[in-house]
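Structural features, examined
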Amino acid sequence: MSLTITANPSLQSYNSFGVAARAAHFAEARDEAEVREALALAARNGWALRPIGGGSNLLLTGDQDALVLRMALMGKRVLSDDGETVVVEAEAGEPWHPFVLWTLEQGLGGLENLSLIPGTVGAAPMQNIGAYGVEIKDVFAGLTALERQSGELRDFSLADCAFGYRDSLFKRQAGRWLILRVRFRLSRHAELRLDYGPLRQQLAAQGCEAPTARDVSRAVCAIRSEKLPDPAVLGNAGSFFKNPLVPADHAARLRVQYPGLVAYPAGEGRVKLAAGWLIEQAGWKGYRDGDAGVHDKQALVLVNHGRATGAELLALARRIQADIAARFGVELEIEPNVW
Ligand code: FAD
Ligand code: NAP
């Protein structure tokens with residue numbers, strides 16, 4: 001196979017915000033050889049190289065003077081099975097949600113809470129994707145990545161990845177590693193994680209008294225479909241801000257003023273505040289300035305009503321950050337990658 005390079009294509013359909021921007025060069029790599037070909041070509045021509053998966057955690061604030069490389073390596077397989085624990089591996093370009101469904105069809109639990117997250121397997125470790133009390137680090141068994149500078153292949157263990165809350169070594173060393181394939185340790189009798197109230201309520205509404213992993217996946221899909229905008233209909237990149245961690249005494253002071261404050265203990269004397277609650281409380285839910293807006297069902301999600309530019313969405317985000325800092329003394333950190 002050989003790489004096809006397109007000059008100056010639109011990236012609008014390659015980012016879930018649906019923002020109009022162009023790439024100087026674009027290619028899709030379907031296997032490791034094509035990834036290496038892209039690296040060699042970029043080096044030869046002095047082009048920057050920017051990998052993307054599904055573009056669902058990206059905000060494009062302008063045209064990209066780079067070779068944008070869509071990681072489109074496909075394939076998934078069972079690596080080992082001792083009758084109870086099963087290690088599976090998927091190539092970077094596999095779409096995440098169909099991969100989760102495939103694991104559930106094999107009778108394997110562990111990824112059910114992460115159902116319906118857009119994007120690809122290869123991007124999942126970037127921010128240690130998480131939802132409903134589970135992060136990929138909880139079932140992570142390793143990954144293989146290519147170091148761009150040296151061309152060296154390296155296997156990463158859980159400890160090597162330094163996963164944190166929506167964070168990893170790969171996010172901190174942006175541009176250094178191209179993730180080729182990821183492995184997960186799943187179980188035939190996985191312990192279900194049902195800590196989140198809406199998940200328990202949805203399972204009860206489905207009449208599930210003894211839920212299976214597949215029931216949990218269905219429940220997560222139902223809640224998400226109801227609450228989150230479908231990027232195919234309304235451009236967005238999911239949560240635009242991370243939930244802030246603040247000292248417990250700061251949260252206690254806020255609770256005096258705001259008795260409804262949504263907060264969860266986060267260890268080490270810190271408390272996690274629900275950023276969506278703060279933004280809603282400040283009156284931004286459903287706000288719209290031109291085509292840049294705040295979702296009317298979940299204030300943590302910024303949306304593109306049609307022709308918003310990345311710069312307009314970023315400007316709205318900055319206004320929200322400033323307002324939340326002024327009202328609550330809390331700094332909100334942007335979650336998506338801003339290019
Ligand atoms: P992209 O947006 O294409 O890329 C993201 C970053 O990863 C970029 O920096 C890119 O350069 C890099 N990258 C991509 N592929 C590779 C690779 N193979 N090797 C090296 N670098 C790479 N996130 C959550 O954590 N939890 C959620 O519940 C969640 N819900 C969402 C709901 C909606 C409606 C939307 C739109 C987004 C949501 N997200 C969520 C964010 C997003 O889906 C995830 O972060 C997802 O993993 C991004 O995958 P992607 O393939 O689209 O990555
Ligand atoms: P939610 O259920 O309304 O809860 C609001 C916030 O409170 C969440 O952000 C969550 O933090 C926290 N929370 C709720 N119950 C908790 C518990 N029992 N223990 C600890 N923290 C708790 O949230 P939502 O917006 O509908 O999202 C549901 C889940 O999907 C969340 O886990 C969220 O992170 C995830 N999600 C992520 C994205 C994204 O783009 N990153 C987009 C949509 C949904 P956490 O966020 O830390 O879980």
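Remember, it's a predicted structure, so these values are computed and weren't measured experimentally.

1. Some points on the pairing of strand β2 (residues 23-29)
With respect to burial, β2 is a largely interior element, five of its seven residues being buried. Sheet topology places strand β1 (residues 6-7) next to β2; two bridges connect them, and they run antiparallel. Bridged to A7 within β2 is H25. Bridge analysis of β2 against strand β5 (residues 64-71) gives six bridges, and the strand direction is parallel. Pairing of F26 across the sheet is with V68, part of β5.

2. Focus: the sheet that holds strand β16 (residues 270-273)
Pairing is antiparallel in the open sheet, where three strands are placed in the order β14-β16-β15. The strands lining the two open edges of the sheet, one partner per strand, are β14 (245-247) and β15 (263-265). The average angle at which neighbouring strand axes cross in this sheet is 40 degrees, direction not considered. Direction of pairing for β15 relative to β16: antiparallel, over a ladder of three bridges. Within β16, the residue paired with P265 across the bridge is V271.

3. Details of the UniProt feature "active site" (unreviewed entry) in the protein
Within the UniProt annotation, "active site" (unreviewed entry) is assigned to R166, S239 and E335. Sequence-wise these annotated residues cover 170 residues; spatially they are packed, their C-alpha atoms never more than 11.0 Å apart. Among the structural elements, R166 can be located in the loop between α3 (158-161) and α4 (169-172). If near-sequence neighbours (up to four positions away) are discounted, R166 is found in contact with Q127, N128, I129, G130, E135, K171, K242 and E335. Of the polar contacts made by the side chain of R166, one reaches the backbone oxygen of G130; its length is 3.4 Å. Of note, S239 is situated in strand β13 (residues 235-239). With residues up to four places along the chain from it excluded, the contact list for S239 reads L300, V301, E335 and P336.

4. Focus: the environment of L278
Note that L278 resides in helix α8 (residues 275-281). Owing to a relative accessible area of 0%, L278 belongs among the buried residues under this scheme. Considering only alpha carbons, one finds L278 and I324, 46 residues apart in sequence, at a separation of 7.1 Å. Every residue in contact with L278, bar those within four places of it in the chain, is listed here: P244, L261, L273, I324, F328 and V330.

5. Considerations on the side chain of S16
Mapped onto the secondary structure, S16 falls in the loop between β1 and β2. Since its relative accessible area comes to 12%, S16 is described here as buried. Those residues in contact with S16 that lie beyond four places of it in its chain are G55, S56, P231, G235, N236 and A237.

6. Quick notes on the domain arrangement of the protein
When the parts of a complex come together, some accessible area is lost, and that lost area is often used as the size of the interface. Segmentation of the protein into domains returns domain 1 (6-71), domain 2 (76-227) and domain 3 (235-338). Taken together, the contact between domain 1 and domain 2 spans eleven residues of the former and 14 residues of the latter. Across the interface of domain 1 and domain 2, roughly 1,000 Å² is buried in total on both sides, 63% from carbon and sulfur atoms. Interface area lost by domain 1 to domain 2 is led by E32, L39 and M71, which between them contribute 42%. Summed over the shared surface of domain 1 and domain 2, the result is one salt bridge. Between R181 and E32 there is a salt bridge, and its shortest N-O distance comes to 3.7 Å. Where domain 1 meets domain 2, there are three residue pairs in polar contact (both at pLDDT 80 or more). Elements that contribute at least two residues to the side of domain 1 that touches domain 2 include exactly α1 (32-45) and β3 (48-52). Class assignment of the residues belonging to the side of domain 1 that touches domain 2 gives a composition of five nonpolar, four polar and two charged.

7. Concerning unusual backbone geometry
It is generally the case that most residues other than glycine have a negative phi and that most peptide bonds are trans. Not every positive phi belongs to a glycine, and N8 is a case in point at roughly 60 degrees. Looking at the element boundaries, N8 is found in the loop between β1 and β2. On the accessibility criterion, N8 (43% relative accessible area) is partly exposed. Positive phi, normally seen in glycine, also occurs at L116, with a value near 65 degrees.

8. Notes on the site of ligand 2
Near ligand 2 lie 19 residues; those nearest to it are R166, Y196, K227, K272 and Q298. Between ligand 2 and Y196 there is a distance of 2.5 Å, counted from an oxygen atom to a side-chain nitrogen or oxygen. Summarising the interface, the protein chains cover 81% of the accessible area of ligand 2, which totals 800 Å² for the free molecule. Taken together, the elements giving at least two residues each to the shell around ligand 2 come down to β8 (130-131), α6 (213-227) and β13. Among the residues forming the shell around ligand 2, the class breakdown is eight nonpolar, five polar and six charged.

Conventions adopted
The residue numbers shown here count from 1 along each chain, following its written sequence. Going through the entries in the order they are written, you letter the chains from A and number the ligands from 1. Selection of residues for local features in this predicted model requires a pLDDT of at least 70, selection of side-chain atom pairs for listing and counting requires 80 or more, and totals for whole chains, interfaces and linings are taken over all residues. Remark: hydrogens and water are excluded; side-chain values derive from all non-hydrogen atoms of the structure. For each residue, the accessible area found with a 1.4 Å probe, counting protein chains only, is set against the maximum for its type, and the residue is called buried under 20%, exposed over 50%, and partly exposed in between. Comment: elements are numbered from the N terminus, with helices defined as DSSP H or I runs of at least four residues and strands as E runs of at least two. When DSSP finds two or more bridges between two strands, those strands count as paired. Helix axes are fitted to C-alpha atoms over the stretch in contact, other axes to C-alpha atoms as well, and angles between N-to-C directions run from 0 to 180 degrees. UniProt positions are given in the numbering used here, feature names are shortened, and annotations may be inferred rather than shown by experiment. Contacts were defined at the residue level, with two residues in contact if any of their heavy atoms lie within 4.5 Å. We call two N or O atoms a polar contact when they sit within 3.5 Å, provided that within protein one can donate a hydrogen and the other can accept it, with sequence-adjacent residues counted only if both atoms are side-chain atoms. An automatic or database domain assignment supplies the start and end points of every domain. Note on definitions: buried area is the accessible-area loss of two parts on being combined, 1.4 Å probe, summed for both. Here, a salt bridge means any Lys or Arg side-chain nitrogen found within 4 Å of an Asp or Glu carboxyl oxygen. The residue classification treats Ala, Val, Leu, Ile, Met, Phe, Trp, Tyr, Cys and Pro as nonpolar and Asp, Glu, Lys and Arg as charged. All others, Gly included, are polar. Here a residue is considered near a molecule or strand provided that any single heavy atom belonging to it is located within 4 Å of it. Only the protein chains shown count as cover for residues, and the accessible areas themselves come from Shrake-Rupley with a 1.4 Å probe.

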